[in-house]
Amino acid sequence: MADADIGLVGLGTMGAMLALNMAEKGHKVAVYNRTLSVTEDFVAGAGELAKNLVACDSYQALAAAIRKPRAIVLMVPAGKPVDAVSADLADVLEAGDMIVDAGNANFHDTNRRADEARDIKVMGIGVSGGAEGARHGPSIMAGGAPEAWERMKPILTDIAASYDGQACATYMGPAGAGHFVKAVHNGIEYADMQIIAEAYGLMRDGMQMKAADIGDVFAGWNNGLLASYLTEISGKVAAATDPESGAPMLDIIQDRAGQKGTGRWTAIEAQHLAAPVGVIEAAVAARNISAAKDVREAGEGLFGAAPEPLTLNLDMIEGALIAGKVICYTQGFEMLRRASTAFEWDMPLPAIAEVWRAGCIIRSDMLNDMASSLRDDPDRLLMFAPYFADILKTHVPALRWVVGASLGAGHPIPALSAALAYFDAMRTGRGTANMIQGQRDFFGEHGFERTDRDGSDFHGPWAAKR
Ligand code: 6PG
């Protein structure tokens, strides 16, 4: 009987959690995994929720179980598996049905799939919050045809996290818009994680603090402007003890970061959009550098690493983090604004800040203030909004002090340094690009604007002398 509200393919951790979340909210879910025993075990282990789950042993059975127009959520690995499953589903679906890719897809792939799909509608939804979020309330960034969103909206808003009673599931625009917003979310996630890691490094190497004490500091910061999921878990990570050795867990974890690629996509797309996202780029580069452990150790042997101790104070590190965070989010929202214009997406910037307030990895109290500032004036640089300008006036001196002292003593803090560089550039009315323009005109006759006249194709006196 075709009475399931939705289908779901892929019962790995994230898919299973999403299916249970939907079932718990009263939606009947037809589920399919390519290994039948996985599907059967999943439904058998779902307890009371099994009444809202329909185990399917084929794509035909899946299509037959779902009410029309059918919507099928894919929770399979990004890339080729999504193409392969979509092709198989195309054989059993009809015009007007929809495939909803809920993985971390590259938005270019989602755009392509939407173009190629003909009469089947393709949605790309960014889902953030890890397994816990998928089970109890993720943040959902949806892209695709408006009618597909209308079909999916009741289910997605039911399963999403909520903030002040408002569901964290929002339509971002056509085709790949949802996956694009998710990629920028992950770029910001990388940057936020990196500035926190840099603050940890300053406490560990600059102030010779123990991991447990650093955990207490993060826990304290989580009661102030830095209150966020990432600050909270950083405190818990720093406080944890390795059950095997009894040593602080952080001291046992190798300093080599992994990455699946979404943060890198943000840096790549930012270049295409001419969006300055230096803090995110620094964070991606820092992960790459972290992976080259052998080379770093060789460098330490060659140049002698051990950064000098610093006379730092914790309030200043907290201030530096606050300023760095405002600047990095400013860059992320600027990138979204540029994408919205370049791709003609008409993306709702304040609503993006709102959808990130709960459920996702970068959720934080500050995002509520960002949403308010963007609502007041969506076209203004976020850090120029009065609330955030005041925060920067208060905390940039700490950022400057921490960056200056750290660089002087040899502590690498690339993301905080990039934040300060952006801030200083953005409050410098007269920059130095006149020299760039002079150089370009000198070697290539590229022309320049003058400060004293209209027009853009003036040349310097050097051409005649060459
Ligand atoms: C989320 C996360 C998640 C991310 C993984 C790993 O919003 O829930 O961003 O989607 O993909 O946590 O990301 P990396 O391997 O790139 O660090």
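See above for the structure.
This structure is a prediction, so every number in the text was calculated from the model and none was measured.

Okay, the overall build of the protein chain next. Counting its regular elements, the protein chain contains 21 helices and ten strands. Relative to the compact-globule value of 23 Å for 466 residues, the protein chain shows a C-alpha radius of gyration of 25 Å, a close match. When the backbone C-alpha atoms are referred to their principal axes, the protein chain occupies close to 80 × 65 × 45 Å. Sequence-distant contacts, at least 24 apart, represent 67% of the contacts inside the protein chain between residues at least 6 apart. Per element, the accessible surface of the protein chain, about 21,200 Å² overall, is 54% carbon and sulfur. Between the centroid of the 41 positive side chains of the protein chain and the centroid of its 58 negative side chains there is a distance of 3 Å.

The next subject is the pattern of salt bridges. The full count for this structure, using the stated rule, is 23 salt bridges. Ionic pairing is found between lysine 28 and aspartate 3, a salt bridge with its closest N-O pair at 3.1 Å. One end of the pair, lysine 28, is in the loop between α1 (13-24) and β2 (29-32); the other, aspartate 3, is in the segment before β1 (6-9), and 25 residues separate them in sequence. You can call lysine 28 partly exposed: its relative accessible area is 23%.

In this model, the second largest pocket occupies a volume close to 370 Å³. At four residues, helix α20 (residues 433-444) tops the list of elements feeding residues into the lining of the second largest pocket.

What follows is about helix α19 (residues 414-426). Here α19 contains 13 residues, and its C-alpha end-to-end distance of 18 Å stays within 8% of the 18 Å for a straight helix at 1.5 Å per residue. Listed in full, the buried residues belonging to α19 are Ala415, Leu416, Ser417, Ala418, Ala419, Leu420, Tyr422, Phe423 and Asp424.

Attention now goes to the side chain of glutamine 331. Along the chain, glutamine 331 turns up in helix α15 (residues 314-342). Overall, glutamine 331 belongs to the buried group, its relative accessible area being 1%. Among the polar contacts listed, one links the side chain of glutamine 331 to the backbone nitrogen of glycine 278, at a separation of 3.2 Å. Each residue touching glutamine 331, except ones within four places of it in the same chain, is listed here: Pro276, Val277, Gly278, Val279, Ile280 and Tyr422.

For the pair helix α8 (residues 177-206) and helix α9 (residues 211-221), interaxial distance at closest approach is 11 Å and the crossing angle is 135°. Taken together, the axis directions place α8 and α9 in an arrangement best described as oblique. Note that α8 runs across α9; the crossing there is right-handed. Contacts between α8 and α9 involve Ile196, Ala199, Tyr200, Met203 and Arg204 from the first element and Ile214, Val217, Phe218 and Trp221 from the second. Partitioning the contact of α8 with α9 into residue classes produces eight nonpolar, no polar and one charged.

On the secondary structure map, glycine 7 appears in strand β1. Residues contacting glycine 7, with those up to four places away along its chain left out, are Ala30, Leu62, Ile66, Ala71, Ile72 and Val73.

This paragraph deals with the nonpolar core. Phe333, Leu336 and Trp356 are the most contacted members of the largest nonpolar core, which has 89 residues in total. Residue-level mapping places this core at the junction of two domains, with at least three residues from each of domain 1 (6-175) and domain 2 (185-426). Judged by nonpolar contacts, the second largest core, of 36 residues, contains Ile6, Val73, Met98 and Ala160.

Around the ligand sit 15 residues, and of these Ser128, Lys182, Glu189, Tyr190 and Arg287 come closest. Separating an oxygen atom of the ligand from a backbone N or O atom of glycine 129 is a distance of 3.0 Å. The separation between an oxygen atom of the ligand and a polar side-chain atom of glutamate 189 is 2.6 Å. For the ligand, the protein covers 80% of the area, taking 420 Å² as the surface of the free molecule. Broken down by element, the shell around the ligand gets its largest block of residues, five residues, from α8. Its residues assigned to classes, the shell around the ligand comprises two nonpolar, nine polar and four charged. Looking at which domains feed residues into the shell around the ligand, each of domain 1 (6-175) and domain 2 (185-426) gives three or more.

Here we take up unusual backbone geometry. Note that the residue after lysine 68, namely proline 69, is joined by a cis bond; omega there is -10°. By secondary structure assignment, the location of proline 69 is in the loop between α3 (59-65) and β4 (71-74). With a phi close to 55°, arginine 118 is a non-glycine residue in the positive phi region. Looking at the element boundaries, arginine 118 is found in the loop between α5 (107-116) and β6 (121-128).

Further remarks concern the environment of arginine 400. Inspection of the secondary structure puts arginine 400 in helix α18 (residues 386-409). Given a relative accessible area of 33%, arginine 400 falls into the partly exposed group. Sequence separation of arginine 400 and arginine 204 is 196 residues, and the distance between their C-alpha atoms is 20 Å. Excluding its chain neighbours within four sequence positions, the residues that come into contact with arginine 400 are Leu420, Phe423, Asp424 and Arg427.

With that out of the way, let us pick up the pairing of β2. By the alternation rule, side chains of β2 split into Val29 and Val31 and Ala30 and Tyr32, which are all buried. Relative to β2, β1 runs parallel, the two being bridged by four bridges. Paired with valine 9 across the two strands is tyrosine 32, which belongs to β2. A crossover connection joins β1 to the parallel β2 through α1; in handedness this β-α-β unit is right-handed. Each parallel crossover has a hand, and the one from β2 via helix α2 (residues 36-44) to strand β3 (residues 53-55) is right-handed.

By way of backbone hydrogen bonds, the strands of a sheet pair with one another, either parallel or antiparallel. Taken in spatial order, the eight strands make up an open sheet running β3-β2-β1-β4-β5-β6-β7-β10, and their pairing is mixed. In the strand order of this sheet, the two ends are held by β3 and β10 (169-173), each with one partner. Between one strand and the next, the sheet's axes are offset by a mean angle of 25°, whatever the strand orientation. Two elements, β4 and strand β5 (residues 98-101), share four bridges in a ladder whose sense is parallel. Its bridge partner being in β5, alanine 71 is matched across the sheet by methionine 98. α1 rests against β1, β2, β3 and β4 of the sheet, and its axis sits at about 165° to β1.

What counts and what doesn't
- Residues numbered from 1 in each chain as written.
- Predicted model: local features only at pLDDT ≥ 70, side-chain atom pairs only at ≥ 80, totals over all residues.
- Heavy atoms only, no water.
- Helix = DSSP H or I, 4+ residues; strand = E, 2+ residues; numbered from the N terminus.
- Rg over C-alpha atoms; globule rule 2.2 N^0.38 Å.
- Contact = heavy atoms within 4.5 Å.
- Areas by Shrake-Rupley, 256 points an atom, 1.4 Å probe, with all protein chains shown as cover.
- Lys, Arg positive; Asp, Glu negative; His and termini not counted.
- Charge placed at Lys NZ, Arg CZ, Asp CG, Glu CD.
- Salt bridge = Lys/Arg side-chain N within 4 Å of Asp/Glu carboxyl O.
- Buried < 20%, exposed > 50% of the residue type's maximum accessible area, 1.4 Å probe, protein only.
- 1 Å grid on protein atoms, 1.4 Å probe; cavity = no way out; pocket = protein on both sides within 12 Å on 5 of 7 lines; lining within 4 Å.
- Points joined across faces, edges and corners; volume = space filled by probe spheres on them.
- Expected span 1.5 Å × (residues − 1).
- Polar contact = N/O pair within 3.5 Å; in protein donor to acceptor, adjacent residues only side chain to side chain.
- Axes fitted to C-alpha atoms, helices over the stretch in contact; angles between N-to-C directions.
- Parallel < 35°, antiparallel > 145°, perpendicular 65-115°, else oblique.
- Left-handed = near helix turned anticlockwise from the far one by under 90°.
- Nonpolar A, V, L, I, M, F, W, Y, C, P; charged D, E, K, R; others polar.
- Core = buried A, V, L, I, M, F, W, Y, C linked by side-chain atoms within 4.5 Å.
- Domains from an automatic or database assignment.
- Near = heavy atom within 4 Å.
- Pairing = 2+ DSSP bridges.
- Right-handed = clockwise from strand over helix to strand, strands pointing away.

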